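Here is what each chain is made of, one letter per residue.
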Amino acid sequence: PRRDDWDSSWKQEKGNAQFEEQVNWELEGLEKANLIIFYFAPETKSPISMLELGLFAHSKKLIVCCPNGFWRKGNLDIVCQRYHIKQVNTLNELINEIKIKVTI
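The sections below set out a description of the structure shown in this document. Computed from a predicted structure; not experimentally measured. (Residues numbered from 1 in each chain as written. Predicted model: local features only at pLDDT ≥ 70, side-chain atom pairs only at ≥ 80, totals over all residues. Heavy atoms only, no water.)

### Describing the pairing of strand 2 (residues 62-65)
The two faces of strand 2 match: Leu62 and Val64 on one face and Ile63 and Cys65 on the other face are all buried. Here strand 1 (residues 36-39) pairs with strand 2 via four bridges, running parallel. Of the residues in strand 2, the one forming a bridge with Tyr39 is Cys65. Alignment of strand 2 against strand 3 (residues 86-88), held across three bridges, turns out to be parallel. Along strand 3, the bridge assignment pairs Ile63 with Lys86. Running through helix 3 (residues 73-82), the crossover from strand 2 to the neighbouring parallel element strand 3 is right-handed. (Buried < 20%, exposed > 50% of the residue type's maximum accessible area, 1.4 Å probe, protein only. Helix = DSSP H or I, 4+ residues; strand = E, 2+ residues; numbered from the N terminus. Pairing = 2+ DSSP bridges. Right-handed = clockwise from strand over helix to strand, strands pointing away.)

Quick look at the structure:
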């Protein structure tokens with residue numbers, strides 16, 4: 001999730017009330033969601049998204065899109081296989097999977 005009033009100068013550490021509020025807001029959103037979508041763009045590192053994927057791997061509400069070229073694709077492939085997470089390789093496949101899940 002994105003927040004319009006996010007300030008990248010905030011210290012990203014426990015004890016910073018604004019940062020703690022942001023992280024808790026994100027986690028609460030993931031907990032409440034019926035469907036969680038991850039897109040791992042090849043030109044990114046996405047460490048927080050990988051952390052969140054790990055936190056919710058058992059939730060049975062994930063779809064992961066990890067195209068070739070993502071720096072840790074092998075790790076994500078194995079996690080998705082191990083925890084029976086639906087995984088696709090392209091944005092078009094991801095869009096189709098979302099449509100299927102939303103219409104069920």
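### Some points on the packing of aromatic side chains
This model, assessed by the stated rule, comprises two aromatic pairs. Between Phe38 and Phe40, the aromatic rings sit 5.9 Å apart at their centres with planes inclined by 20°, giving stacked as the arrangement. The exposure class of Phe40 is buried, given its relative accessible area of 0%. On the numbers, 5.2 Å between centres and 55° between planes, the contact of Phe40 with Phe70 is tilted. Linking Phe40 in the loop between strand 1 and helix 2 (47-55) with Phe70 in the loop between strand 2 and helix 3, this pair joins segments that are 30 residues apart in sequence. Classification of Phe70 by relative accessible area gives buried; the value is 4%. An aromatic cluster of at least three residues, connected via ring pairs, comprises Phe38, Phe40 and Phe70. It is Lys45 that lies over the ring of Trp71; its NZ or CZ is 4.2 Å from the centre. (Phe/Tyr/Trp six-rings, centres within 6.5 Å; stacked < 30°, edge-to-face > 60°. Lys NZ or Arg CZ within 6 Å of the ring centre and 35° of its normal.)

### Overview of helix 1 (residues 17-32)
Relative to the 22 Å expected for 16 residues at 1.5 Å per residue, helix 1 spans 22 Å between its end C-alpha atoms, a close match to the ideal helical length. Among the residues of helix 1, those classed as buried are Phe19, Gln22, Glu26 and Leu30. With its buried residues spanning 65° around the axis, helix 1 presents them on a single face. Turned more than 90 degrees away from the buried face of helix 1, the exposed residues are Ala17, Glu31 and Lys32. If you follow the buried residues of helix 1, they end up packed against strand 1 and helix 2. Between the side-chain oxygen of the N-cap and the backbone nitrogen of Gln18 there are 3.0 Å, and the N-cap of helix 1 in question is Asn16. (Expected span 1.5 Å × (residues − 1). Arc of directions from axis to C-beta. Contact = heavy atoms within 4.5 Å. Polar contact = N/O pair within 3.5 Å; in protein donor to acceptor, adjacent residues only side chain to side chain.)

### Details of the side chain of Glu97
By secondary structure assignment, the location of Glu97 is in helix 4 (residues 91-103). Excluding its chain neighbours within four sequence positions, the residues that come into contact with Glu97 are Ile63, Lys86 and Val88.

### Here we look at the nonpolar core
Nonpolar side chains tend to gather and get buried jointly when the protein is soluble and globular. Formed by 14 residues in total, the largest nonpolar core has its most connected members in Phe38, Phe40, Leu53, Leu62 and Val64. Setting aside its immediate chain neighbours within four residues, Phe38 contacts Ser49, Glu52, Leu53, Leu62, Ile63, Val64 and Cys65. (Core = buried A, V, L, I, M, F, W, Y, C linked by side-chain atoms within 4.5 Å.)

Function-wise, these values are silent; they only describe arrangement.
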